[in-house]
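Structure at a glance
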Amino acid sequence: MPAFRRVRGMRDFLPEEAQMMKYIEGKARKVARLYGYGEIITPVLESYELLAAKAGEEIRSRMYAFEDLGGRKVALRPEFTASVARLVATTLRNEPKPLRMFCVGNLYRYDEPQQGRFREFWQSNYELMGSSKPEADAEIMMLTNSLMKAVGLKNFVFKVGHVGVLRRILSQEKVQDKVQNRIMQLMDKKEYDTALELVEEAGVSEKCLVTIQKLVRIKGGKVFEVLQSMEKQVKGYERAVDALENLREILELVSETGEKIHMIVEAGFARGLEYYTGMVFEIYVPEMSISLCGGGRYDRLIEMFGGEPTPAVGVAHGLDRIMMAMQKQKTLLETEEGKTVIVIPIKEELKGEALKISRILRDADIAVEVEVMGRKVAKALEDADRRKMDYAVIVGERELKEGSVVIRNLERREQKTVKIESIIEAIKG
Ligand code: HAM
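Summarised in this report is the structure supplied together with it. (Residues numbered from 1 in each chain as written. Predicted model: local features only at pLDDT ≥ 70, side-chain atom pairs only at ≥ 80, totals over all residues. Heavy atoms only, no water.)

So, about the sheet that holds strand β5 (residues 99–108). Note: strands within a sheet are paired through backbone hydrogen bonds, in either parallel or antiparallel orientation. Spatially, nine strands are ordered β1-β5-β6-β12-β11-β10-β7-β9-β8 in an open sheet, and the strand pairing comes out mixed. At either end of the open sheet lies a strand with only one pairing partner, and these are β1 (38–39) and β8 (219–220). Here strand β6 (residues 120–129) runs beside strand β12 (residues 312–318); their pairing, made up of seven bridges, is antiparallel. Bridge pairing in β12 places E127 opposite G314. Docked against the sheet, helix α6 (residues 163–172) engages β7 (157–162) and β10 (279–284), running at close to 20 degrees with respect to β7. (Pairing = 2+ DSSP bridges. Helix = DSSP H or I, 4+ residues; strand = E, 2+ residues; numbered from the N terminus. Contact = heavy atoms within 4.5 Å. Axes fitted to C-alpha atoms, helices over the stretch in contact; angles between N-to-C directions.)

Backbone torsion omega between K97 and P98 reads 5 degrees, so that peptide bond is classified as cis. Considering the arrangement of structural elements, one finds P98 in the loop between α4 (81–89) and β5. The phi dihedral of K190 is positive, around 60 degrees, even though this residue is not glycine. Within the secondary structure, K190 is located in the loop between α7 (177–188) and α8 (192–201). On the basis of relative accessible area, K190 is assigned to the partly exposed category, the value being 46%. One non-glycine residue, K330, lies in positive phi territory at about 50 degrees. If you trace the backbone, K330 turns up in the loop between α13 (319–328) and β13 (340–345). (Buried < 20%, exposed > 50% of the residue type's maximum accessible area, 1.4 Å probe, protein only.)

At a closest axis distance of 11 Å, the pairing of α6 and helix α9 (residues 206–215) adopts a crossing angle of 170 degrees. By the angle between their axes, α6 is roughly antiparallel relative to α9. The segment α6 lies against α9, with V165, L166, I169 and L170 engaging C208, T211, I212 and L215. Across the contact of α6 with α9, the residue classes tally to seven nonpolar, one polar and no charged. (Parallel < 35°, antiparallel > 145°, perpendicular 65-115°, else oblique. Nonpolar A, V, L, I, M, F, W, Y, C, P; charged D, E, K, R; others polar.)

Moving on: a negative patch on the surface. Taken together, the side chains of D193, E197, E200, E201 and E206 define an acidic patch exposed on the protein surface. The leading source of residues in the negative patch is α8, at four residues. (Patch = residues over 30% accessible without salt bridge, like charges linked within 9 Å, V, L, I, M, F, W, Y side chains within 5 Å. Areas by Shrake-Rupley, 256 points an atom, 1.4 Å probe, with all protein chains shown as cover. Salt bridge = Lys/Arg side-chain N within 4 Å of Asp/Glu carboxyl O. Lys, Arg positive; Asp, Glu negative; His and termini not counted. Charge placed at Lys NZ, Arg CZ, Asp CG, Glu CD.)

Relative to the assigned elements, E173 resides in the loop between α6 and α7. Those residues in contact with E173, other than ones at most four positions away along the chain, are V204, S205, C208 and Y237.

This part is about the site of the ligand. Near the ligand, the surroundings consist of 27 residues, among which E79, T81, D111, R271 and Y276 are the closest. Here a nitrogen atom of the ligand and a side-chain polar atom of E127 are 2.9 Å apart. One of the backbone nitrogen or oxygen atoms of L292 is found 2.9 Å away from an oxygen atom of the ligand. Burial of the ligand by the protein amounts to 96% of the accessible area it has alone, namely 660 Å². For the ligand, the cavity whose grid points lie within 2 Å of the majority of its atoms is the largest pocket. Mapped onto the shell around the ligand, the elements with two or more residues apiece are β6, β11 (293–297) and β12. Classifying every residue of the shell around the ligand gives ten nonpolar, ten polar and seven charged. (Near = heavy atom within 4 Å. Polar contact = N/O pair within 3.5 Å; in protein donor to acceptor, adjacent residues only side chain to side chain. 1 Å grid on protein atoms, 1.4 Å probe; cavity = no way out; pocket = protein on both sides within 12 Å on 5 of 7 lines; lining within 4 Å. Sits in = over half its atoms within 2 Å of the grid points.)

The full count for this structure, using the stated rule, is two cavities of 30 Å³ or more. Looking at the largest cavity, the residues that line it are V163, R167, N181, M184, Q185, R271, G272, L273, E274 and Y276. Those elements that provide at least two residues to the lining of the largest cavity are α6 and α7. Considering each element in turn, the lining of the largest cavity owes the most residues, three residues, to α7. Its residues assigned to classes, the lining of the largest cavity shows four nonpolar, three polar and three charged. Considering the residues around the second largest cavity, the lining is formed by L50, L51, K54, A55, E79, A82, Y275, L301 and F305. A breakdown of the residues in the lining of the second largest cavity according to their chemical character gives seven nonpolar, no polar and two charged. (Points joined across faces, edges and corners; volume = space filled by probe spheres on them.)

What follows is about the sheet that holds strand β4 (residues 73–76). With antiparallel pairing, three strands are arranged side by side in an open sheet as β2-β4-β3. Whereas interior strands pair on both sides, the edge strands pair on one side only; in this sheet they are β2 (45–47) and β3 (65–67). Taking each pair of neighbouring strands and ignoring which way they run, the sheet shows an average axis angle of 40 degrees.

An α-helical segment advances 3.6 residues per turn. Residues three or four places apart therefore align on the same side. In terms of residue burial, α6 counts as a mostly covered element, since seven of its ten residues are buried. Every buried residue belonging to α6 is among V163, G164, V165, L166, R167, I169 and L170, and all of these are buried. Following α6 by one or two positions, K174 adopts a phi angle in the positive range, close to 65 degrees.

Moving on, we come to the environment of D320. Along the chain, the position of D320 falls in helix α13. Classification of D320 by relative accessible area gives buried; the value is 3%. The spatial distance from the C-alpha of D320 to the C-alpha of N409 is 37 Å, given a sequence separation of 89 residues. Discounting residues that sit within four places of it in the chain, D320 has contacts with R11, F13, M21, F118, F121 and W122.

Take a look at the structure:
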């Protein structure tokens, strides 16, 4: 048989990285609890139609889609939002609102593998269903801020926009949704010139073209000034003005929390997914050019899936990218780990005693390994040293006769004989 290789774009996580992923996941779960989001688990495999409906061309064309043995067209989920919306349109249809739901897990997109772009990746995802109020949008931004802080990231920036501004101008100019989607896709990829060409081809007024040309250049960190410049441009497009007012309210609420959040508003900011109807945002750190998180408001998806009209807002945090950012920023993990211990029997016949001592220690919540390679004490100690373990418990016949073992502090290279009933205390200190 040939040596098997991993499938391109897939990764293995060895203990150190797996531990870091689980650490971030733990922080995400804690944030969910602090904000009242109940965890749900949805399937990795969903119907293709569901996932494709509003994913946007970019993601739709990169789905792992296939026919199952029963002839159903299915796909591996490229995101969580469609699954959660499906639940709210069906099983949870009659649940009182608001509904706050959290999920975490792996997702699949046939992206070109490169820095921070994988074909299998992880997200923590939060959806707040049932509220159209700006405080709901603010909550999603706040919890994202809480997670970034909880994992210890620094200098992260919120990039914020509102897809309603551009979309509503285009709608007022009678540009079809399909064309709007293409324009927004191009904007998302920062291909503004091509996007503007499409706007022109759609037969909009001269005023509209000039407005959008000017809008896409407006951005900056003084958010309320940026909003003012945007307002000047969109005069005459009433619904776009409302969109801006909505964005102002959200950002004011975020500011009122008293948390210093670094934000940049970009008028030409769009996101790849097609379902967004309102505020959208992403998170960046200076060390990386790709977003760590993305989210926004999508008020029509649930009704599109056959549910009651349900306004909604949510966010997904890319755990792989958060991990990369932490590595780049050399973030230290808070560890709750105690001491590590190896138990070494001096000879074969004492294996049972070694297992018994390991059990006593584990019952006291101490992490223990038992020497299972049958090595001599010196060799086993050398290996424990190499792996920077804290203590070795050496089980010898002579000491056992007196109900004792030898405990060696591997860092200090000191050892003493201790009664078995006192080993926990000797190690925990
Ligand atoms: P998204 O922007 O497609 O949004 O993905 C969110 C995050 O997932 C990205 O910011 C990134 O960190 C991570 N991500 C996406 N693709 C990859 C990849 N190929 N490799 C590594 N990480 C990746 C959504 O998925 C929406 N469902 C977010 C949302 C929830 N909107 C409302 N509710």
